[in-house]
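# Structural overview
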Amino acid sequence: MFYCTKVEKERCISCGACYAILPEVFDFDDDGLAENKTDQNMATLPLEPELVDLLLEAAHDCPTSAILIIKEKEAV
Ligand code: SF4
């Protein structure tokens, strides 16, 4: 199973939790909203397997449920 992710920016309140948990993936755009910096927030690049648990934690801890996770059976 491969996991891709993106931030629904319209729901992001810039709290920084996702960046604190997974700075390898999340960063902030010029408007201060979180995004997946690894694939221009397109949810097309599968995460490294060792980062998946942190991704799930970040999605769980996001106060506005802004982090989307897309599961794929094979890499895209
Ligand atoms: Fe935005 Fe959620 Fe990340 Fe907070 S945890 S910065 S609300 S995406």
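Here the structure is a predicted model, which means the values were calculated and not measured.

Here is what the cut-offs are and how they apply
Residues numbered from 1 in each chain as written. Predicted model: local features only at pLDDT ≥ 70, side-chain atom pairs only at ≥ 80, totals over all residues. Heavy atoms only, no water. Phe/Tyr/Trp six-rings, centres within 6.5 Å; stacked < 30°, edge-to-face > 60°. Near = heavy atom within 4 Å. Nonpolar A, V, L, I, M, F, W, Y, C, P; charged D, E, K, R; others polar. Helix = DSSP H or I, 4+ residues; strand = E, 2+ residues; numbered from the N terminus. Buried < 20%, exposed > 50% of the residue type's maximum accessible area, 1.4 Å probe, protein only.

## A closer look at the packing of aromatic side chains
Per the stated rule, a full pass over the model turns up one aromatic pair. A ring pair is formed by Y19 and F28, whose centres lie 5.9 Å apart and whose planes are at 50 degrees; its orientation type is tilted.

## A short note on the site of the ligand
The full set close to the ligand counts 13 residues, and C12, C15, G16, C18 and C62 are the nearest of them. Its residues assigned to classes, the shell around the ligand comprises 10 nonpolar, three polar and no charged.

## Some details on unusual backbone geometry
One non-glycine residue, Q40, lies in the positive phi region at around 55 degrees. Note on placement: Q40 falls in the loop between strand 3 (34–36) and helix 2 (52–61). By relative accessible area, which is 62% here, Q40 ends up exposed. You will see that N41, though not glycine, has its phi angle at about 60 degrees, which is positive. One can find N41 in the loop between strand 3 and helix 2.

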